[in-house]
Amino acid sequence: MKTVGVMAVFLALAACTTTPRLPPASEQEQSASVAKFVTCLDKNVAKVDDRVSDASTIAAALVEGPCAADYAASKETYTRNMSDRERIMFEAKLTAPHQVAVDIVLRHRKSAKAPARMPTADAPSRRMQGDKAPAT
């Protein structure tokens, strides 16, 4: 009977253990992950920007589309040592990546000399709004 009681205590304690936190990312890791994300934005802005949709919509399409993996990796380096609660609070206040993407879109538009393209059914603004292509 005593053995059953001891086993119950051990099982209860085992259920209460938490996974240890990973060590925080170094400043070099954080800088490298941000640089990779920004490089992705720079590389893909011309492909995504229809120069008709607003810059914020294009920025969201970049962050959620071709650069989503780099964004997630960058976010992970900053939140690696945080508890779930801390991570949720951090992500709720996170606006810098979107603002960086908007700035890149605006910089691209200033430097681009090509005329704006006509929006198509798959333009980012239509995808973000869930619009369907007009019937022809």
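Residues numbered from 1 in each chain as written. Predicted model: local features only at pLDDT ≥ 70, side-chain atom pairs only at ≥ 80, totals over all residues. Heavy atoms only, no water.

**Description of the confidence of the model for the protein**
Heads up, the condition is: pLDDT is a residue-level measure of predictor confidence that goes from 0 to 100. Put simply, DSSP H or I for four residues or longer makes a helix, DSSP E for two residues or longer makes a strand, and each gets a number counted from the N terminus. We call two residues contacting when some pair of their heavy atoms lies within 4.5 Å.
Summary statistics for the protein give a mean pLDDT of 80 and a share of 68% for residues scoring 70 or more. Mean pLDDT across the elements of the protein bottoms out in helix α7 (residues 124-129) (53) and peaks in helix α3 (residues 55-64) (96). A low-confidence stretch, residues 132-136 (pLDDT under 50), is modelled with three contacts involving residues beyond four sequence positions or located in other chains.

**Description of the pattern of salt bridges**
Short version of the rule: Any Lys or Arg side-chain nitrogen located within 4 Å of an Asp or Glu carboxyl oxygen qualifies as a salt bridge. Each residue is assigned to one of three classes by its accessible area relative to the maximum for its type, calculated with a 1.4 Å probe on protein chains only: buried under 20%, partly exposed between the two thresholds, exposed over 50%.
Within this structure, the stated rule accounts for six salt bridges. Between D70 and K36 there is a salt bridge, and its shortest N-O distance comes to 3.8 Å. One end of the pair, D70, is in helix α4 (residues 68-79); the other, K36, is in helix α2 (residues 27-48), and 34 residues separate them in sequence. Judged by its relative accessible area of 52%, K36 falls in the exposed class.

**Overview of the nonpolar core**
This is how it is decided: To qualify as a nonpolar core, a set must consist of buried Ala, Val, Leu, Ile, Met, Phe, Trp, Tyr and Cys residues joined through side-chain atoms within 4.5 Å.
Ranked by size, the top nonpolar core spans 17 residues in total, and within it F37, L41, L62, V63 and V105 carry the most contacts. Mapped by element, the contributors of at least two residues to this core are α2, α3 and α6 (96-111).

**Examining the packing of α2 against α3**
Put simply, the rule reads: Angles run from 0 to 180 degrees between N-to-C directions of axes, and those axes are lines fitted to C-alpha atoms, restricted for helices to the stretch in contact. Angles are sorted into four bins: roughly parallel if under 35 degrees, roughly antiparallel if over 145, roughly perpendicular if 65 to 115, and oblique for all others. Rotating anticlockwise by less than a right angle from the far helix to the near helix defines a left-handed crossing, while the corresponding clockwise rotation defines a right-handed one. Lys, Arg, Asp and Glu make up the charged group, whereas Ala, Val, Leu, Ile, Met, Phe, Trp, Tyr, Cys and Pro make up the nonpolar group; the residues left over, Gly among them, are polar.
Where α2 contacts α3, the axes come no closer than 10 Å and their chain directions differ by 120°. By the angle class used here, α2 and α3 are oblique. The handedness of the crossing between α2 and α3 is right-handed. Where α2 approaches α3, its residues F37, L41, N44, V45 and V48 are matched on the opposing element by I58, A61, L62 and V63. Among the residues making up the contact of α2 with α3, the classes are represented as eight nonpolar, one polar and no charged.

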